[in-house]
Amino acid sequence: MKLTIVEYPDRKLREKSKKVEVFDEKLHKLLDAMHPFMIKTNGIGLAAIQVAYATQVLVLNIPDEDGEQPKENLLEIINPVITSKNGSTVYQEGCLSVPSFYEDIQRSETISINYQDRDGNTKTLDADGLLSIAIQHEIDHLDGILFIDKLSYSRRKKFEKEYKRMLKEKKSSK
Ligand code: QAP
Ligand code: CO
């Protein structure tokens, strides 16, 4: 299964992802392709819509203290629902779909979620730190929301200018 990244300003990223109803081979193939794709592209989190599949599927692999991303730490999250959130934290976020741009974003510090695993089993997870931030970032993707949507008006304008220049340079170097 060959995957390609969908990049801003592609309108595909604004689609609302559909709930997974069948936990079959097709889903497993998608999950099995998303993880190596995420690692290869230097990601720590990836939503299916970022590779053009509008389904509520996320993979997350938060680096450990040594910066490694062993497969044992891989989290596959399907149909997530946030059941509680607490506190507030700021982190400099990026996104594979918005390459080379990073900005401070405010989110809840801790969250609890309900979700399903690849076999449809229901799970709960309490997350804090970078995992909590990453899950919130990825769940936003399922609703068609990008981290740049959370910037102030002036920072968003600065982003649009920088990003457009970057896209132009990319094109002219092709
Ligand atoms: C979402 O982001 C996230 O610009 C995952 O050139 C971000 O994996 C969760 C990436 C911050 C928590 C905190 C971005 C790779 C990867 C780039 C990513 C780039 C190459 C972003
Ligand atoms: Co993202």
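The model shown is predicted, which means the values in this text are computed figures rather than measured ones. (Residues numbered from 1 in each chain as written. Chains lettered and ligands numbered in written order. Predicted model: local features only at pLDDT ≥ 70, side-chain atom pairs only at ≥ 80, totals over all residues. Heavy atoms only, no water.)

Under the defined criterion, the tally for this structure stands at 14 salt bridges. Among the salt bridges present, the one from Lys 170 reaches Glu 7, with a minimum N-O distance of 3.4 Å. Highlighted residues: Lys 170 in helix α3 (residues 153–172) and Glu 7 in the segment before α1 (25–40), separated in sequence by 163 residues. Assessed through its relative accessible area of 35%, Lys 170 is described here as partly exposed. Connected via shared salt-bridge partners are Arg 14, Asp 149, Arg 156 and Glu 160. (Salt bridge = Lys/Arg side-chain N within 4 Å of Asp/Glu carboxyl O. Helix = DSSP H or I, 4+ residues; strand = E, 2+ residues; numbered from the N terminus. Buried < 20%, exposed > 50% of the residue type's maximum accessible area, 1.4 Å probe, protein only.)

With that settled, consider the site of ligand 1. Close contacts around ligand 1 come from 19 residues, with Gly 43, Ile 44, Gly 94, Ser 100 and Tyr 102 the closest. With respect to ligand 1, the backbone of Ile 44 contributes an N or O atom lying 2.8 Å from an oxygen atom. A distance of 3.1 Å is found between an oxygen atom of ligand 1 and a side-chain nitrogen or oxygen belonging to Tyr 102. Within the complex, the protein chains bury 86% of what would otherwise be the 500 Å² of accessible surface of ligand 1. Taking a 2 Å distance to the grid points as the criterion, the majority of the atoms of ligand 1 fall inside the largest pocket. Every element with two or more residues in the shell around ligand 1 is listed here: β4 (89–93) and α2 (129–142). It is α2 that contributes the most residues to the shell around ligand 1, five residues altogether. Its residues assigned to classes, the shell around ligand 1 shows ten nonpolar, seven polar and two charged. (Near = heavy atom within 4 Å. Polar contact = N/O pair within 3.5 Å; in protein donor to acceptor, adjacent residues only side chain to side chain. Areas by Shrake-Rupley, 256 points an atom, 1.4 Å probe, with all protein chains shown as cover. 1 Å grid on protein atoms, 1.4 Å probe; cavity = no way out; pocket = protein on both sides within 12 Å on 5 of 7 lines; lining within 4 Å. Sits in = over half its atoms within 2 Å of the grid points. Nonpolar A, V, L, I, M, F, W, Y, C, P; charged D, E, K, R; others polar.)

Between its first and last C-alpha, α2 extends 21 Å over 14 residues, near the 20 Å set by a 1.5 Å rise per residue. Counting buried positions along α2 yields eleven of 14 residues, so the element is predominantly enclosed. Inspection of α2 places Ser 132, Ile 133, Ala 134, Ile 135, Gln 136, His 137, Glu 138, Ile 139, Asp 140, His 141 and Leu 142 among the buried residues, and these make up the whole buried set. Just past α2, the residue Gly 144 takes up positive phi, approximately 80 degrees. (Expected span 1.5 Å × (residues − 1).)

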